[in-house]
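Structural overview
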Amino acid sequence: MSDNANSAKILHGLNPQQQQAVKNCQQPCLVLAGAGCGKTSVITRKILWLLHEEKIPSNRLAAVTFTNKAANEMQSRLKKHLSATERKNLTVCTFHSLGLSLLKQNYNEANLSANFSLIDPQDVQKLLKEIGDEQGVYDLAQIRQVSFIISRYKNQNISPEKAFQLEDKLDFAEPEIIELSNRIYSYYEQKLQAYNLIDFDDLLLKPLQLLQHSEIVKNDWGKRFQHILIDEYQDTNECQYQLLIQLVKPDPTNPLPDPQFTAVGDDNQSIYEWRGANPQNLNQLKVDFPNLEIIPLEQNYRSTNTILNASNALIENNQSIIAKKLWSTLGDGNAINLRHFPNNIEEANKITQAIAHHHLINKTSLNDYCVLYRSNYQAEPLEKNLKQLDLAYTVSGGISLFNRSEIKTVLAYLKLMANPQDNVSFLRIINTPKREIGDKTIQQLIQYAENTDLSLFEACNSNGLYGIFTEKICQRLNHFHSWINEKRNKILDDLKTGMDTLLEETHFFDWIIAQAKHKKTGQNQVERIKRLQQWLLNIQKYNEGYDLADIIHHLNLVERLEDQDNKDQASISLMTIHNAKGLEFPYVYLIGLEEGSIPHYNNLQNERGIAEERRLAYVAMTRAKKQLTLSHSANKQTHKGNVKLTPSRFLKEIPQQYFIDTNKQLTPEEKKQQREFYINRMKEMFVEKE
DNA sequence: ACGCCGCGTATTTTT
DNA sequence: TACGCGGCGT
């Protein structure tokens, strides 16, 4: 194939703006892609273009996304167009896993040991609580705020020292809490360092600091990539922005014209400001790179005009950074269904029934349906109904496998083996299951370890123990130490049998079943552990050369996908709006459109909060291709009885002309017709099955 | 040291 | 609703 034919092939089917975005490789490029305007196509085609037309070597190209879902999606779209070498060398991953790779290669520069491990948010809370205890702060709500503020500091590349000097304080917390946070922050960092741990935010922060201050890293990673593509650019925080700048910064000794990157984003879909994302980064690009080419994409290939117009009308109430008006050629389509219900249980009932009904009549795939909601707990009544109706469904997110306590315990064993300095994991398992090492012993051990500068695990094998504890207790601690080492060797030798012995010798399953309140929950826990084991084995199988620490990192960072058991089976998707970003479905049901939910209570205080909530509603609505259904209810049952609800203000911002009210009463004749139609369809179904 | 019981409280969104 | 934590009894 000639070069020309090949380039035509890469550009095939793209509109002129998209083509421009793909072809422009000479200057930094910002693609402002509205929802459903084909931004993933632009990124994937541009990767191909850079590889095959610009002849950039595949190891000098990176595409960075925010979620694993997006990275996987991109990988699979690229797969068939790439050679094996290209596939292997090309970097397509999340910001966080890119950071991890950098740290793994440069742990020394970052003052970490090679076997550093990742601490999850729950354990962060525990650690902060510990520090709080030492500081005389026992209020758990305060500790939660502190963890939030520290995370925010880290996202903005603010060190503990700088936090103290900060002139304009963060505007979202009480001054006392800020002060408390500042105090705890430095202790927290010290502990992480001592335990050889990093948290999620460090995956961005530490690489950035290395790129800024370490010559070794600057010379390696600072020059590694010739072109970087970033997806969902509006969700970058300060740290990520600077990280990008460092990675694409041209070498000052050899001035290239411009750094090369392609950022793709949409300020209307910025829904992570609460996590420190700064959509102003879109504007900042213009300032920092005067040569920036900005390409808007406004033709939507996803939704009907009714859905688009309604969504546009809603988002017009926000002050956009960049005004956009989406349009499509897919026609008007159906009006949006607006439904109201007496309460949230009824809502779940009727929505699931509506889906069942629609699915039955139109012979659609269950994959075509998605129910969106604000908070994870809203999935529960839906699940109950779908189970009753025997319809397959998938819940994304929610209480993930990794938040289960039994899973965390098993992982803590492995983490301690991988990283003996990990005191957090040590404390989790030292007496779980019980091995007669009680609270008092542990407190004394902590004291001793602090005095001698040993990790808790190392302290268990120290001769100094005999001065403190009775013979019996010393033996128990010694035994734990040697036992863990023994199991570590077994596991390094053979993960499967090693873990089997670990579980056997701790009588783990017996212990779980014995302490479970119901037989069934115990069985479920055992099942989950077996699944975890299988998961770990798979990771090892598909990633040659991974050591134990690598496997755990991979599990924490990459493999957090939901059940893959029945992936082939079509199913209705249930997910939070945040989880739905970047996805599309023919039939979307957005439930719980009430004040307090969308917009959420905690975001009602100021216009900024409301604007983010409005964007959230916008993201939800623009997931729909053919038919959108919005619903709300008048009451909801909570743990503290009944709560009255009012419809979301956003419903009033959408012109009535786009709605039909499906709650209108049917005439008896219409009811009869509907019923007959339904019965006939049921009959057909049975005939088909036989 | 451990297990059980009961109370209180938390529920926004995620890498 | 569910889980965590503290208190109390063995």
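Fair warning: this is a prediction, and the values are worked out from it, not measured in the lab.

1. Looking at helix 3 (residues 39-52)
Each α-helix turn comprises 3.6 residues. Residues three or four places apart therefore point the same way. Relative to the 20 Å expected for 14 residues at 1.5 Å per residue, helix 3 spans 20 Å between its end C-alpha atoms, a close match to the ideal helical length. With 12 of its 14 residues buried, helix 3 lies for the most part within the structure. The complete set of buried residues in helix 3 reads K39, T40, S41, V42, I43, T44, K46, I47, L48, W49, L50 and L51.

2. Concerning the side chain of S597
Secondary-structure assignment places S597 in the loop between strand 13 (585-590) and helix 28 (607-621). In contact with S597, other than residues within four places in its own chain, are R374, Q378, G592 and E613.

3. Here's the deal with the protein's contact with DNA strand B
Around DNA strand B lies a shell of 24 residues, among which H96, R144, R374, N376 and H639 are the nearest. Backbone atoms, meaning sugar plus phosphate, form 55% of the atoms of DNA strand B positioned within 4 Å of the protein. In the environment of DNA strand B, a phosphate oxygen lies 2.9 Å from a nitrogen or oxygen atom belonging to the side chain of N431. Measuring from a base oxygen of DNA strand B, one finds a side-chain N or O atom of H578 at 3.5 Å. Secondary-structure elements contributing two or more residues to the surface near DNA strand B are helix 20 (439-452) and helix 27 (577-580). The element that contributes the greatest number of residues to the surface near DNA strand B is helix 20, accounting for three residues. Partitioned by chemical class, the residues of the surface near DNA strand B number four nonpolar, 13 polar and seven charged.

4. Observations concerning the environment of D258
Along the chain, the position of D258 falls in the loop between helix 13 (238-248) and strand 7 (261-265). Relative accessible area serves as the criterion here: at 17%, D258 is assigned to the buried category. Measuring from C-alpha to C-alpha, the distance between D258 and Q27 comes to 6.1 Å, with 231 residues separating the pair along the chain. If sequence neighbours within four positions are ignored, D258 has contacts with Q26, Q27, P28, P250 and N291.

5. A word on the pattern of salt bridges
For the coordinates displayed, the defined rule picks out 29 salt bridges. Ionic pairing is found between D550 and K104, a salt bridge with its closest N-O pair at 3.0 Å. Pair noted here: D550 is in helix 26 (residues 548-557) and K104 is in helix 6 (residues 95-105), with a separation of 446 residues, a long-range link. Its salt-bridge partner being E613, residue R374 comes within 2.5 Å of it at the nearest N-O pair. Separated by 239 residues along the polypeptide, R374 in the loop between strand 10 (369-373) and helix 17 (379-389) and E613 in helix 28 bring together distant segments of the chain. Its relative accessible area of 17% is what places R374 among the buried residues. When salt bridges that share partners are traced, they join K39, D231, E232, D235 and K581 into one network.

6. Considering the state of the cysteines
As enumerated under the stated definition, the model contains zero disulfides in all. The structure places no disulfide on C29, whose sulfur is separated from the nearest cysteine sulfur, that of C25, by 8.3 Å. Note on C460: no disulfide assigned, nearest cysteine sulfur contributed by C474 at a separation of 10 Å. What makes C460 buried here is its relative accessible area of 0%.

7. Notes on the packing of helix 7 (residues 121-135) against helix 10 (residues 175-195)
The geometry of helix 7 relative to helix 10 is characterised by a closest axis approach of 10 Å and an angle of 120° between their N-to-C directions. Relative to helix 10, helix 7 is oriented oblique. In this structure, helix 7 crosses over helix 10, and the sense of that crossing is right-handed. Counting all contacts with helix 7, which are made through V124, L127, L128, E130, I131, E134 and Q135, the residues of helix 10 involved are R183, I184, Y187, Y188, K191, L192 and Y195. Residue classes in the contact of helix 7 with helix 10 are distributed as nine nonpolar, one polar and four charged.

8. Some details on the sheet that holds strand 3 (residues 91-94)
Strand order in this open sheet of six strands is 3-2-6-7-1-8, and the pairing throughout is parallel. Sheet topology places strand 3 and strand 8 (293-297) at the edges, where each strand pairs with a single neighbour. Within this sheet the neighbouring strands show an average axis-to-axis angle of 15°, counted without direction. Bridge analysis of strand 2 (residues 61-65) against strand 3 gives four bridges, and the strand direction is parallel. In the sheet register, A63 faces strand 3, and the bridge partner there is V92. Sitting on the sheet, helix 3 is in contact with strand 1 (29-33), strand 2, strand 6 (227-230), strand 7 and strand 8, with an inclination near 170° to strand 6.

9. Overview of the packing of helix 11 (residues 202-213) against helix 13
Running from amino to carboxyl end, helix 11 crosses helix 13 at an angle of 35°, the nearest separation of the two axes being 9 Å. Relative to helix 13, helix 11 is oriented so that their crossing is left-handed. Taken together, the residues of helix 13 that come into contact with helix 11 (itself represented by L204, L205, P207, L208, L211 and Q212) are C239, Q240, Q242, L243, Q246 and L247. Looking at side-chain class alone, the contact of helix 11 with helix 13 contains eight nonpolar, four polar and no charged residues.

10. As for the environment of Q284
Following the sequence through the fold, Q284 ends up in helix 14 (residues 281-288). The class of Q284 is partly exposed, set by a relative accessible area of 32%. Measuring from C-alpha to C-alpha, the distance between Q284 and Y241 comes to 9.5 Å, with 43 residues separating the pair along the chain.

11. Looking at the confidence of the model for chain A
Averaged over every residue, the pLDDT of chain A is 86; the share at 70 or more is 92%. Highest mean pLDDT in chain A belongs to strand 13 (96); lowest belongs to helix 30 (residues 668-689) (64).

12. Observations concerning helix 6
Counting buried positions along helix 6 yields eight of 11 residues, so the element is predominantly enclosed. Residues of helix 6 that are buried include every one of F95, H96, S97, L98, G99, L100, L102 and L103, and no others.

13. Things to note about unusual backbone geometry
Following I598, the chain continues to P599 via a peptide bond in cis, the omega torsion being 5°. Here P599 shows up in the loop between strand 13 and helix 28. We note that K55 has phi near 60°; this positive angle belongs to a residue other than glycine. In this fold, K55 is placed in the loop between helix 3 and strand 2. On the accessibility criterion, K55 (55% relative accessible area) is exposed. The phi angle at N157 is positive, at roughly 55°, despite the residue not being glycine. Summarising the element assignment, N157 is placed in the loop between helix 8 (140-155) and helix 9 (160-165).

14. Focus: the packing of aromatic side chains
Here a ring pair, both rings aromatic, is described through the centre-centre distance and the interplanar angle of the planes. Summed over the entire model, instances satisfying the criterion amount to 11 aromatic pairs. Taking 5.7 Å as the distance between ring centres and 65° as the angle between the ring planes, the aromatic pair formed by F66 and F95 counts as edge-to-face. Of this pair, F66 sits in the loop between strand 2 and helix 4 (68-79) while F95 sits in helix 6, and the two are 29 residues apart along the sequence. Ring geometry for Y153 and Y185: centres 5.5 Å apart, planes at 10°, overall stacked. Separated by 32 residues along the polypeptide, Y153 in helix 8 and Y185 in helix 10 bring together distant segments of the chain. With respect to burial, Y153 and Y185 carry one shared label: buried. An aromatic cluster of three or more residues is present, and its members are Y413, W483, F508 and W511. Over the aromatic face of Y546 sits the side chain of K104, whose NZ or CZ is 5.5 Å from the ring centroid. For R275, the ring lying beneath its charged end belongs to Y272, and the centroid distance is 4.6 Å.

Thresholds applied
- Throughout this document, residue positions are counted from 1 along each chain, in the order its sequence is written.
- A letter from A marks each chain and a number from 1 marks each ligand, given out in the order of writing.
- Reporting of local features is limited, given that this is a predicted model, to residues whose pLDDT is at least 70; pairs of side-chain atoms are given and counted only at 80 or more, and all residues count toward the totals for whole chains, interfaces and linings.
- Each side-chain value is derived from all of the structure's non-hydrogen atoms; neither hydrogens nor water enter the calculation.
- Here a helix means four or more residues in a row that DSSP labels H or I, a strand means two or more in a row labelled E, and each is numbered from the N terminus.
- The span one expects for a helix is its residue count, reduced by one, times 1.5 Å.
- Note on exposure labels: buried denotes an accessible area under 20% of the residue type's maximum, exposed denotes more than 50%, and partly exposed covers the range between, all computed with a 1.4 Å probe on protein chains only.
- Here, two residues are considered to be in contact whenever any of their heavy atoms come within 4.5 Å of each other.
- Proximity criterion: a residue is near a molecule or strand once any of its heavy atoms comes within 4 Å of it.
- Identification of polar contacts relies on pairs of N or O atoms within 3.5 Å, with a donor-acceptor requirement for protein atoms, meaning one able to donate a hydrogen and the other able to accept it, and with residues adjacent in sequence counted only if both atoms are side-chain atoms.
- Three residue categories are used. Nonpolar comprises Ala, Val, Leu, Ile, Met, Phe, Trp, Tyr, Cys and Pro, charged comprises Asp, Glu, Lys and Arg, and polar comprises the others, including Gly.
- For salt bridges, the criterion is a side-chain nitrogen of Lys or Arg within 4 Å of an Asp or Glu carboxyl oxygen.
- Only a pair of cysteine sulfur atoms within 2.5 Å qualifies as a disulfide here.
- Inter-axis angles, ranging from 0 to 180 degrees, are taken between N-to-C directions of lines fitted to C-alpha atoms, where helices are fitted over the stretch in contact.
- Throughout, the term roughly parallel applies to angles under 35 degrees, roughly antiparallel to angles over 145, roughly perpendicular to angles from 65 to 115, and oblique to all others.
- Handedness of a crossing follows from how the near helix is turned relative to the far one, being left-handed for an anticlockwise turn of less than a right angle and right-handed for a clockwise one.
- Here, strands pair whenever DSSP counts at least two bridges between them.
- Looking at any residue, its pLDDT shows the predictor's confidence there, from 0 to 100.
- Side-chain rings of Phe, Tyr and Trp (the six-membered ring for Trp) are treated as a pair once their centres are within 6.5 Å; stacked means planes under 30 degrees apart, edge-to-face means over 60, and tilted covers the remaining angles.
- Consider the ring centre and the ring normal. A charge sits over the ring if Lys NZ or Arg CZ is within 6 Å of that centre and within 35 degrees of that normal.

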